[in-house]
Structure formats: C-alpha cells, structure tokens
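Next come the chains, spelled out residue by residue.
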Amino acid sequence: MDDDAPDEVFAELRARPLGGWAVAQIAAGTGLAIYAMWAGVLQPGFRKVPLRLQVPYIPASKAQVDNVMTLLRGRKGGLVDLGSGDGRIILEAHRQGFSPAVGYELNPWLVRLARFHAWRAGHRGKVSYRREDLWKVDLTECKNITVFLAPSVLSLLQQKLQAELADDAVVVAGRFPFPDWTPCRIEGQGVDRAWAYSMQAQRQNTMKNDKLTVSDSDPNSGLTKEKGST
C-alpha cells in the first residue's frame, strides 16, 4: 500500500507553517494550561480516556476539507463528523446541502469554538455541535460519516462503524486512512489526502477474509475421505 505512513504524515504536519489564527485556534482547542489542569486533575471522565485514544487538535486545511467534500459529492441526507474539532467540516457540509449536519466532540473548548465559527458564518441554529463521546454515539441511522482521527483510534473505530452502519453508508477519513479497510476512492495527495469507504464493499471484503481465515485454519479443509477407509 502506497499511502503515507503515520510517522511521515505527522512529520509533514509538523513542518507546515501555522498562521497566527491557526495558533490561536490550537490554543483554544487545547484549552491552555488552565484547561489541561482542569481536565487532568478535576475532570475524572477525561482521565478515563486512554492516552492512545486522545487525539491532538490540528485544524483541517482548506484542501483537506475540499477533498472530503469531493468524495461526498452526489450524496444526500445528514452528515456526522466524529471528533469534529473546530467544526469546519460540519459548516462546509451544511453549505453543500447536508442536513442535519452534526459534529461530536468531547473537548468542551472545541465545541465552543465550533459554535463561535457557526455564529460568525451566520449558520447558528442550522448546524449542531454536541459534546459527546464518539464511542457512545448511535450511528445506526447515519449515512455519511467523516473522521479526522489518529491511526490508533481508527483501528478501533472500524469495529463500531462496521457493526452499526448500514450498507449504503459511506465513511470518509481525512489525514489518515483506516488501517484495515480498502478505500473505494482516494482524493488529494500527502497530508491533504482523504479516503472514502463504502460500507457495503467493506462488509463484503470482511466476509471474504473471514471465510479464507476459517478455511486456512481448518486442518480438514480440502481433504476427502477415501471410500472404505476407517
């Protein structure tokens, strides 16, 4: 697979210059030292999140947002962004006709920042940002899912999505691909790349792989008993 390795993508992200507004948003998203102390010491729920599942906040670039929306072109209905950060994916989804457009984010500072962006863009009340744990969100009715999450999270999220989403659902991942899934379409290059996954195709691939695994592990598979043998 010729996709960028996580370490290479992180290196490219670190090398990208950040403007003053981006730095301010990251500061707001991380909540400065006050939020770090509050989350780590006073908020028990935050401490229960394993370190490998805590995703650093990095604002999505315009190219990343455009690539995600390109992969969703022609789709209709609602859209859910898991780990919605500052809310820019949801805002763009709303502009392109997805309704309802809902973002789920655990960090309260980012939820407030997203709502501020919606207010400033004149879309207050037209989009929704909810402070909820993405692992507890019921996705059974969702048809369009977007995620900008770390590889360690994506490897676990695969199971939830495959268990809850219908066959006609499409999942689009930005910045990092799902480690065990095969994309149906890819848009963009490098750190701006996005991957689209058809749940129907992914479910069929999983079933085929499961059958092959069972066949390979069965010592009697492919063997026939000769007539008259005991």
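The sections below set out a description of the structure shown in this document. Bear in mind that the values here come from a model prediction, so they are computed numbers and not experimental data.

As for the environment of Arg124
(1) Moving on: Along the chain, Arg124 turns up in the loop between helix H7 (108-120) and strand S3 (128-130).
(2) Moving on: Sequence separation between Arg124 and Leu91 is 33 residues; the distance between their C-alpha atoms is 10.0 Å.
(3) Moving on: Residues within four places of Arg124 in sequence aside, it is in contact with Ala118 and Trp119.

Some points on the packing of aromatic side chains
(1) Moving on: Considering all chains together, one arrives at 4 aromatic pairs under this definition.
(2) Moving on: Pairing Trp181 with Tyr197 gives two aromatic rings, centres 5.6 Å apart and planes at 65°, and the pair type is edge-to-face. With Trp181 in the loop between strand S5 (170-174) and strand S6 (185-187) and Tyr197 in strand S7 (residues 194-198), this residue pair connects regions lying 16 residues apart in the sequence.
(3) Moving on: Three or more aromatic residues link up through ring pairs in this structure, and these residues are Phe178, Trp181 and Tyr197.

A look at the nonpolar core
(1) Moving on: Of all hydrophobic cores here, the largest spans 25 residues; its most connected members are Leu82 and Phe178.
(2) Moving on: For this core, the secondary structure elements donating two or more residues are strand S1 (79-82), strand S2 (101-104), strand S4 (144-147), helix H8 (151-164), S5 and S7.
(3) Moving on: Sorting elements by how many residues they give to this core places H8 first, with 4 residues.
(4) Moving on: Apart from residues no more than four positions distant in its own chain, Leu82 is found in contact with Tyr104, Leu134, Leu139, Ile145, Thr146, Val147, Phe148, Leu149, Leu157 and Leu161.
(5) Moving on: Formed by 23 residues, the second largest nonpolar core is a distinct cluster that contains Val65, Leu72, Ala114 and Val172.

Rules used throughout
Residues numbered from 1 in each chain as written. Predicted model: local features only at pLDDT ≥ 70, side-chain atom pairs only at ≥ 80, totals over all residues. Heavy atoms only, no water. Helix = DSSP H or I, 4+ residues; strand = E, 2+ residues; numbered from the N terminus. Contact = heavy atoms within 4.5 Å. Phe/Tyr/Trp six-rings, centres within 6.5 Å; stacked < 30°, edge-to-face > 60°. Core = buried A, V, L, I, M, F, W, Y, C linked by side-chain atoms within 4.5 Å. Buried < 20%, exposed > 50% of the residue type's maximum accessible area, 1.4 Å probe, protein only.

Nothing here speaks to function; it is all geometry.
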